[in-house]
Amino acid sequence: MEERQVKLTIDGVEVTARPGMTVLQAAQQAGIYIPTLCWHPALRPWGACRMCVVEVERQRGYPASCLLPVADGMVVRTGTEAVQEIRREIIEVLLTEHPLGCLTCHKEDQCYTGEPCLRSPHVDFRCVTCPANYRCELQSVCDYVEISEVRFPFKYRGIPLGRDPLIATDFNLCIVCARCVRVCDEVRGIGVWAVTNRGATTIVDTADGQPMVDAGCIMCGACVDVCPVGALEERQSRHSGPAEHLVRTVCNYCPVGCQFILEVRRGRVLRVGPDYEAPANRGQYCVRGRFGVSDFVHNPLRLQTPMVRKNGTLTPATWAEALGAAAEALKNTPPEQVAVFASSRLTNEELYALQKVAREGVGTPNLGWDLPDWSALEPLHTAFGKVGPTAAIADIEKARAYLVVGADPWETVPVVGMKIVQYTRMPAITLPPASDYFNYLPGRALLPERERARLILINPRPTHLNRFADAWLKVRPGTDAWLIAGLVKVILEEGLADPEFISRETVGFDEFEAAIGNLDLDRVSRITGVGRDELVRVARLFAQNRPALIMFGGGIVRQGRAAVAALVALALVTGNVGRPGAGILPLFGTANSQGALDAGAVAGLGPGQVPLDETPDLDNVKTCYIVGDSFDLEGPAGLRLRRLLEGCETVIVQGAYASPLLDFATVLLPGAAFAEKDGTVTSLERRIQRVRAAVRPPGEARPDLAILAEVGRGLGVDISPRPAEVFAELAERVPGFAGLDYEELEFEGPVVNFLPEAFNFPDLRLGEAESAPDGLVTVYPGRSFYRYDLTTFPGMLKTLTTVGRERVLEVGPELAARLGLTDGGAVRVIGDGWDLVSRVRVSAELAGDAAFWDFEYVGPPGGNGRERVPDPYAPNPVLGPVKVRLEPVGG
Amino acid sequence: MSLEVLVAEARSRWERKVNPDRPRVIISAGSCGIFAGARKVKAAVIDALKGLHVDASVEKTGCVGLCWAEPMVDIQLPGRPRVAYGPLTPAEAARLVEDVVGRGDPRVDKALYVYADAPYEGIPPREKTDWFKLQYRITQRNVGIIDPEDLDDYLASGGYEGLARALTMTPAEVVEAVKKSGLRGCGGAAFPTGLKWEFCLRARGDEKYIICNADEGNPGTWKDRLIMEGDPFQLIEGITIAAYANGASRGFIYIRDEYPLASSRVRTAVEKLRARGLLGDKILGSGFSFELIIRDGAGSYLCGEEMGLISSLEGDRAMPRSRPPFPATNGLFYKPTVVNNVETLANVPQIIARGWEWYAGLGTERSKGVRTITVSGAVRRPGGFELPFGIPLKTVIYDLAQADPADLKAVQMGGPASNILPADFVATLPLGLDELRDAGTTIGSGGLVMLGQQTCIPNLVLQLMEFLRDESCGKCFPCQMGTRAYYNTLYRICRGEGRPEDLDFMLDIAPAVQFGSLCGHGQVAHVPVVDTITHFRHEYEVHIRERRCPQGVCELSPVATAV
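Residues numbered from 1 in each chain as written. Chains lettered and ligands numbered in written order. Predicted model: local features only at pLDDT ≥ 70, side-chain atom pairs only at ≥ 80, totals over all residues.

Asker: How should I be thinking about the overall build of chain A in this particular structure?
Answerer: A tally of regular secondary structure across chain A gives 27 helices and 37 strands. A buried classification covers 57% of the 891 residues belonging to chain A. Sequence-distant contacts in chain A: of pairs separated by 6 or more residues, those separated by 24 or more amount to 73%. (Helix = DSSP H or I, 4+ residues; strand = E, 2+ residues; numbered from the N terminus. Buried ≥ 20, exposed ≤ 12 C-beta atoms within 10 Å, placed from the backbone. Contact = placed C-beta atoms within 7 Å.)

And the structure:
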C-alpha cells in the first residue's frame, strides 16, 4: 500500500513527511536542527520545555513542534527572532535556578574540553563541579540561542545529593524535563521517579524521597541516559568528561544482543551510551550492560602476560614459549584424552576456530561445557531444522499472547522482560484513527488499535512478571513437560487447534496425536500440582489469543528434551510458527549461545548445526584446553570441573581474567575482553551483529582469534587470525548465513530465521515423573540482575556487587515445615562432597516442595546450574538441578 | 414509571408545599449562608418556634445570590405569600419568627422581597427588586426557591422535560439545537458548546465520556457552587442530555474538594435520580443508559484545567496534556470526551425544553444567552447575578453590586490571571463575549473582583503571582519558571528592593510565558503583570524609586539592599 506523503516547507526547505509525523520529526529527518530539552527519541512527546517552538504561517502563536502534526502546505520557520527570543527568555528564567558556572566563566577561552581548571581557583562558580560539563544538552541549547548575559541572581536549591549506588543524583541541576520519569514509566514499566511538589518547587524525586532501590529501581540506568543535564549521572564515571571517540558494539552478558556505544577516552572505556536506533534493544539495556562494562574491561584481575608453569609456579613466558607448550601438549596427548572447553561468550569466529582446533587439529569429540544443551534442544532441530528461534524480539510487539515457561526474562534477559511488560501492562487503551499521528510515536499508552497482550507464566516460583500476568501456573518443579503436554491435549480435545496449519505445514501429526491420545489429564494434574480447571482455562487463553509467542529458558532446558518437545508441539498444533508475532524464542543463558550452536562448538553438532556422530567422554581427560572466562570452580557442581582438572596433566587456560582456574593452569594464554576484539555474535533472535574493538588489550594480551590461529598453526590447522576471513568461511557452512558479508554487518545485523518447508512433529516422550529420593531435596537455580552469572563474572565487578541482594535459599512452606526451616534462619546445604550454609526465606508463593537458590551457589562449572543426569535419549550428558540434603542450623 | 406520573405526583406535592396549612420557615443554606451563620440562625428559629408552640416546617434552600443579605430566612404563613428576610443575626432571626409567625407582623423593615406578583404589605415583589429585575434566571431559576435535596420540587418546576424531549430527538438533532442556541462554554474560554459536542459525536470510539468540570477554582467565582448547592438536579439533567447527544455511556462530575456541601448535595441528587429511574439503565424507559460517577477533586488548581482534569481523573498528577489531540477525539483514557463547565450544562435542559429559538433570542446578536456574574471585593452588595448578555457592566458594578464610584480603582475580570483594568474603562464596556474580546479583555469564568482605592496594585499582583506560582503544575518551563520569576521580582519590589529594570524585565519575559506555555494557566499568567504595569505603572515606580507604598500595604524593608 502506497502511503500518502505530506509536503511542507521548513526554513525554506521543502520536506516530505509521512502523515502523522510531527514537525520536529520531519525537521530532524531533513537535517534541520530544532533545539529540544524535554523531547527524547525514545519517549512520547511531552511538550514542556518549549524549546522546540516554531512559527507557522497562518497559525496563531508559537506551537511546540514536538506536538505539531505535519500538514500539507505548512510553512514553518524554526529560528526567527521572535522564536529565539522566547527560547532565550525561557532559558534565562531557567538559569535562575540552574547552576550556570559553565556559561559565565571568564576563563572559558583558555579552557580545553573537559579539563579541570585547577589553575583558576578564584573562579568561584565552576564548570567542573557539574558532572555533565561538555555533555550537557542545556549547554548546547544555550549556545544555539546565544545566551550571552544572565540578568538575574542565581539561587541554589540546596537539595542534598543522592546516596544511591551506581547512580549519582544531584537535583540541584534538574530542569524537570521529566524524561527520567517518563522513561522509567513508559519504557521500563517501573516508575521509580515521579514529579513531586507543585509550582516553583516542582522537582523529580522518588515517592516519599526513599532510596531508589526501595522505590523499585533495578538500576537499568535508562534515566541516566536520558537526563539532558547532570542531575542523574553514572557514579563511577561522573567527572570523567566527554568521550574522545565512540565505538558501537554488542553487550557480552546476555543473549539479547543489545547494541550500545562505548565512550572511549585515553584508551579506556569510560562508560556506555545508548543507541535508540539499535535493532534489538532500542537504546535500553540493564544494570550489567550499563554499569558493568568499564569495570569489566579495565579490571585489575586482567591477565597481561603469557605464562608457563615451571617447577610448580606459573612464570611469565614469551608468546612463542607458551604457544609451543600448548601445541605440544595438545599434539602429544591421545585425542580422546583431550578436552576443549569454550565459553559461549566468545565470538562466532572464535567458536568456529575453536571447534576446528578440536575436531581437525586434535581430533577429539570432547567439546563443549558452557554451551547450550544440544540434546535437550534437539526437538527444535527436528521440527525446524535448526536449534534456534522461530521468532524475533520485534514479534513481542505483534503477539497477542505470551507463554513464558521456566524463565524469568525480567531478570535474565531484562530487555525482553521489559518489552513483555510494555505490551502487557496497559489496560486496553486504544487510539481511534482520528489521532493517526500518534501512531508514529513510541510509547506504551499509544498502542494503536490493539489490545494488550495476554501473559501466561509457567514457573514454580513467582517472578516480577507475575504482577502483569493473566495466568500463572504454579507448576511442581521438573514437571513442565507434563503440564505443557496437558495443555496440548486440552487444545486438541476442545477443537482449539489449527487443523489447516497442521495439515498444510506439518508432518507427523497422526503419530503425535496417537501418542498424546492416552495422556490422562487427571494424572497430569496430579503430577504437576496444577488443577484441571486451571489447565483448561490457560489452554483456552493461549489458543484463543493468536498470534502467540512462546518463550522458554533454562528452567525448561534443564529438564531435558521432553519439555522442549512438548513446547514445539504446542506451537505446531496452534499454528504459532512462521507468522508475525508467533513462534518460539529460546531465552539462552549467555551472550553467544546461539552462535556456539551455529558455529558447531558443541559436541554432536558441527558447524551449521549438522548433527555429528560423536560420543564425548570426559572421564579420562589428561589435557584440557579452556577458552573464555565463564568458568567457575566454586559452586557445588563446579567441583566436577575441579575434579576433572585435578586429573589433568596439562591445563591450557586462555582467558582474560585471573580466576581460580589459574591454580590448575600449566599454560596461560592471556586473551582479550569483548571491547578489545572484533568479530560477530549471534543473539537469541539469531541476529548477527558486530562486536568491535574499542581499546587495546592490556599488556601482551591478544584477541582470542589470533591466539587460536597460532594454536591451530601448531597443530597444522589453517585458521585465519582475521575475523572477516573466518566469518566468510563460517558463512559458507551455515545455511542462512550464506551471502552475508562481514563488512556489511555494520549497523543493523540481519536476523537469519529461515524456516523449513514443513515442520516435523517431535517425538513426545514424557518418561516417568520421578520423585526425589528419600531425604534429598532438589534445589533449582534462581537468578538476579546483579548476580546473573557466576562468581568469576559480575561477582568480581565492584560496581555491580554494591547493589546485589542477599544470598538466600528460598523454600516452599511445605518443605520448610517438613525440615523445620524457619524464615530468616540458616540452613546447611549438603551435596555430593560439599556443603555450605545459607540464609533461608520461606515463601508461600512457591510451588509444593520447591527450593530455589541464588544463582551463583548452584552455579556449576559452566555457570548454567547443571549436573550430570542420565537421559536415555541424550547423546550428551544432560545437566540438571542439584540434589541436596538440607539441615537447619542453629535455632 | 413514566415521567408524566412522576411529574403529576411531584406537582401535587409542590402545590401542597407552596400552599401550606402551617407556617413554613425556609433557611438559605448554601455554603455562603452557612458561613454567615445560617446554622445558628436555624437553631434560633427552631428555638423560637418551640417557644411559640407553633407547628411549623423548617426547610432549606440554596443561595439566591444575595451574598450581602446572608443569612437569609424566608417565611410563609398559611394563606400568605412567601417573604424573604435578611441579613439576620440569630437573635434577630428569633425576634423575626416571634413577630411574623407569632404575631403576624410582616416586619417590613427586614423584608427584602415577596414571592408574589404584587407588593404585599409594601414589600416589593421579587422580580421588581433592583437585584432581580435585570436578571434572567435560567441555571439559577430554582436556586433559592426549591429544596435542593427534594427531587419533587425540581420535577414540579418543569424538570426533566428537557431530557424527555431530547429522548424523542436523535442525538444529532440535540447537538444541532444546542449549536443553534448559541450556547457557549461558561468556564472561561467561551468555546461554542454545540461545536464541541459535534466533534465528539463525530469522533469514533467504542466508548465516549462526558465530564462535568465542577472544579471551580478561580478566586472570586462561585456561580457553579450556587448551581450545585441550589439545584443539582438541573445540572444532572443537563449532563444526561449531553451524554445522550454525544453517545456517552458514562459521565463524571469532578467536584472541587473544597466544595463538600456541593459534593454531598450532588451525591444525594444522583441517588434520588437513580432511585426514580432517571439515571442508570434505560432512562425513562428508553434505550438510553447512562451512569454518572462523582469524583472529588485532587485539590490542585490545575485540576480544573480541561486536560489537567482528565489527567487527574485517569489517576495521574494533574498535568495538562497538550492539544491537539483535543479531548473531543482523545480525552479521558484517550476516548472521545466532552468536558463542559457546570453552568454550561445547567443551561442545556431549558434550551431543549423551551427550544433553541428561545435561548438564541436572549442576549445580543453576537453573544447569545445569559451568564452568571459573581461580583465581590470593594462593593456594598456582592452577589451572583444571572444576566442576559448586552447589559452594561456599569449597571452590574454600580447598580447591582452598588460599588462606590469614588472608591473604585480597578476591576479584575474573571479569575486570578485575568485583566486588571481601571474601573472607568470597565464601566464603558457591555457584558458580552465578543464585545469584551474586541476591547481586549474577557469575562473569563464570570467572577468580577472590584478593587478599591486602598488596594496596592503591586502587592495585589504579588498575591496573585504567589497563587499562580504555587498552583502551576510544574510541567512546562515557561509557566513554572516564569511565574516564579514574576513572584521573585514582585517580592523584591514590594520589599522596597526593586530595581528600575525590573519592570522592563517583567514585560520582556511576558511573550515567552504567554506563547511558550502549554496550557491556559501559563498562557495568561503574565496578564495581571502586564495590565497593571500598563495601567498603574506609577504605583510600581513609587515602590521602586521612592521605596514607599502609597497605600501603606507593603511592608517595605527599612534598608534597601538592592544592588
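Asker: So what exactly am I meant to see when it comes to the sheet that holds strand E16 (residues 401–405) of chain A here?
Answerer: In a beta sheet, neighbouring strands pair by backbone hydrogen bonds and run either parallel or antiparallel. Residue and element names in this part refer to chain A. Taken together, the five strands give an open sheet; going across it, the order is E18-E17-E16-E20-E21, and neighbouring strands pair in parallel fashion. Either end of the sheet is taken by a strand with one partner, and the two such strands are strand E18 (471–473) and strand E21 (583–586). Neighbour-to-neighbour, the strand axes of this sheet turn through a mean angle of 15 degrees, independent of strand direction. Here E16 pairs with strand E20 (residues 548–552) via five bridges, running parallel. Bridge assignment links Tyr 402 to a residue of E20, and that residue is Leu 549. Across the sheet, helix H18 (residues 532–544) lies against E16, strand E17 (454–458), E18 and E20, angled at about 130 degrees from E18, the strand it touches most. (Pairing = 2+ DSSP bridges. Axes fitted to C-alpha atoms, helices over the stretch in contact; angles between N-to-C directions.)

Asker: Just to check I follow, could you spell out the sheet that holds strand E10 (residues 259–265) of chain A for this structure?
Answerer: Residue and element names in this part refer to chain A. A sheet is described by the order of its strands in space; here three strands give the open sequence E9-E10-E11, paired in antiparallel fashion. Either end of the sheet is taken by a strand with one partner, and the two such strands are strand E9 (245–250) and strand E11 (268–273). Across the sheet, the axes of successive neighbouring strands diverge by a mean angle of 35 degrees, strand direction being ignored.

Asker: Help me out: how do you make sense of unusual backbone geometry in this one?
Answerer: Excluding glycine, residues mostly carry a negative phi; peptide bonds, for their part, are mostly trans. Cis peptide bonds are those with omega within 30 degrees of zero, and the linkage from Arg 546 of chain A to Pro 547 of chain A qualifies with 0 degrees. The residue after Gly 86 of chain B, namely Pro 87 of chain B, is reached through a cis peptide bond having omega -10 degrees. Looking at where Pro 87 of chain B falls in the secondary structure, it is placed in the loop between strand E4 (82–85) and helix H4 (90–103). For Asp 11 of chain A, which is not a glycine, the phi torsion comes out positive at approximately 50 degrees. Tracing the backbone shows Asp 11 of chain A in the loop between strand E1 (6–10) and strand E2 (13–17). By the C-beta count within 10 Å, which is 17 here, Asp 11 of chain A ends up partly exposed.

Asker: What's the story with the packing of helix H22 (residues 502–516) of chain B against helix H24 (residues 527–535) of chain B in this structure? I'm lost.
Answerer: In helix packing, the relevant descriptors are the interaxial angle and the interaxial distance, both defined with respect to the helix axes. Residue and element names in this part refer to chain B. At a closest axis distance of 10 Å, the pairing of H22 and H24 adopts a crossing angle of 135 degrees. Taken as axis vectors, H22 and H24 run oblique relative to one another. Where H22 crosses over H24, the two elements pack in a sense that is left-handed. Contacts between H22 and H24 involve Leu 503, Met 506, Leu 507 and Ala 510 from the former and Val 529, Val 530 and Ile 533 from the latter. Looking at the contact of H22 with H24, its residues break down into seven nonpolar, no polar and no charged. (Parallel < 35°, antiparallel > 145°, perpendicular 65-115°, else oblique. Left-handed = near helix turned anticlockwise from the far one by under 90°. Nonpolar A, V, L, I, M, F, W, Y, C, P; charged D, E, K, R; others polar.)

Asker: Which parts of the structure should I look at to understand the environment of Ala 48 of chain B?
Answerer: Residues and elements named next belong to chain B. Examined against the element boundaries, Ala 48 turns out to sit in helix H3 (residues 38–52). For Ala 48 and Ala 36, which are twelve residues apart along the polypeptide, the C-alpha to C-alpha distance reads 20 Å. Every residue in contact with Ala 48, bar those within four places of it in the chain, is listed here: Ala 94, Val 97 and Glu 98.

Asker: Please clarify how the domain arrangement of chain B should be interpreted in this entry.
Answerer: Accessible area lost upon the coming together of the parts serves often as the stated size of an interface. Residues and elements named next belong to chain B. Here chain B is partitioned into domain 1 (18–129), domain 2 (151–360), domain 3 (370–452) and domain 4 (457–546). Centre-to-centre separation of domain 2 and domain 4, based on C-alpha positions: 35 Å. On the domain 4 side, the residues contacting the ten residues of domain 2 number seven residues. Residues that form the side of domain 2 that touches domain 4 fall into these classes: six nonpolar, three polar and one charged. (Domains from an automatic or database assignment.)

Asker: Looking at this model, I keep getting lost on the domain arrangement of chain A. Mind explaining?
Answerer: Residue and element names in this part refer to chain A. Here chain A is described as being made up of domain 1 (6–94), domain 2 (167–297), domain 3 (307–371 + 592–744), domain 4 (378–432 + 444–586) and domain 5 (777–889). Computed over C-alpha atoms only, the centres of domain 2 and domain 3 are separated by 34 Å. Each partner contributes to the interface: domain 2 provides 19 residues, whereas domain 3 provides 18 residues. Of all elements in the fold, only E9, E10, E11 and helix H8 (293–297) reach the threshold of two or more residues within the side of domain 2 that touches domain 3. Looking at which element gives the most residues to the side of domain 2 that touches domain 3, the answer is E9, with four residues. A breakdown of the residues in the side of domain 2 that touches domain 3 according to their chemical character gives twelve nonpolar, five polar and two charged.

Asker: Would you take a moment to explain the interface of chain B and chain A for this structure?
Answerer: At the interface, 35 residues of chain B touch 29 residues of chain A. Counting residues per element, the side of chain B that touches chain A draws most heavily on helix H21 (residues 477–494) of chain B, which supplies eight residues.

Asker: Just checking my understanding: could you explain helix H13 (residues 414–424) of chain A for this structure?
Answerer: A turn of α-helix holds 3.6 residues, and therefore any two residues three or four places apart point the same way. Residues and elements named next belong to chain A. Extensive coverage of H13 is indicated by the burial of eleven of its eleven residues. When H13 is considered as a whole, its buried residues turn out to be Pro 414, Val 415, Val 416, Gly 417, Met 418, Lys 419, Ile 420, Val 421, Gln 422, Tyr 423 and Thr 424. Along its buried surface, H13 packs onto E16, helix H12 (409–412) and E17.

Asker: Help me understand the packing of helix H14 (residues 480–493) of chain A against H18 of chain A, please; the structure alone is not making it clear to me.
Answerer: Residue and element names in this part refer to chain A. As a packed pair, H14 and H18 sit with axes 9 Å apart at the nearest point and diverge in direction by 70 degrees. Classified by the angle their axes make, H14 and H18 are roughly perpendicular. Residues Gly 486, Leu 487, Val 490 and Ile 491 of H14 form the contact with H18, whose participating residues are Leu 535, Val 536, Val 538, Ala 539, Phe 542 and Ala 543. Tallied by class, the residues present in the contact of H14 with H18 amount to nine nonpolar, one polar and no charged.

Asker: For this particular structure, what's the right way to read the environment of Ala 709 of chain A?
Answerer: Looking at the secondary structure, you find Ala 709 of chain A in helix H23 (residues 704–714). Counting along the chain gives 359 residues from Ala 709 of chain A to Glu 350 of chain A, while the straight-line C-alpha distance between them is 9.3 Å.

Asker: Teacher, can you tell me more about the nonpolar core here?
Answerer: A general feature of soluble globular proteins is that nonpolar side chains tend to end up buried together. Ala 566 and Leu 567 of chain A together with Val 73 of chain B are the most contacted members of the largest nonpolar core, which totals 455 residues. Top element by residues in this core is helix H20 (residues 561–573) of chain A. It accounts for twelve residues. Leaving out residues up to four positions away in the same chain, Leu 567 of chain A has contacts with Val 405, Ile 484, Ile 550, Phe 552, Ile 556 and Ile 584 of chain A. (Core = buried A, V, L, I, M, F, W, Y, C linked by C-beta atoms within 7 Å.)

Asker: I'm lost on the confidence of the model for chain A in this one. Help?
Answerer: One rule of thumb: low pLDDT means the predicted coordinates there are not for detailed reading. Residues and elements named next belong to chain A. Summarising the model, chain A shows a mean pLDDT of 82, and 85% of its residues fall at 70 or more. At the low end of the mean pLDDT range in chain A sits strand E35 (residues 868–869), at 28; at the high end sits strand E26 (residues 667–670), at 96. Per-residue pLDDT stays below 50 along residues 855–880; that stretch engages in 95 contacts with residues further than four places along the chain or on separate chains. (pLDDT = per-residue confidence, 0-100.)

Asker: Could you clarify how one ought to interpret the confidence of the model for chain B in this entry?
Answerer: Averaged over every residue, the pLDDT of chain B is 92; the share at 70 or more is 99%. For this predicted complex, the interface confidence score (ipTM) comes to 0.86, while the overall pTM stands at 0.87.

Asker: Got a minute to help me understand the pairing of strand E11 (residues 383–388) of chain B in this structure?
Answerer: When a strand is regular, its side chains alternate between the sheet's two faces. Residues and elements named next belong to chain B. Taking burial as the measure, the six residues of E11 include six buried ones, the bulk of the element. Taking every second residue as pointing to the same face, both faces of E11 are buried, with Gly 383, Phe 385 and Leu 387 on one and Gly 384, Glu 386 and Pro 388 on the other. Relative to E11, strand E10 (residues 370–377) runs antiparallel, the two sharing six bridges. Pairing of Val 375 across the sheet is with Gly 383, part of E11. Turn length for the E10-E11 hairpin, with the two strands adjacent in sequence and antiparallel, is five residues.

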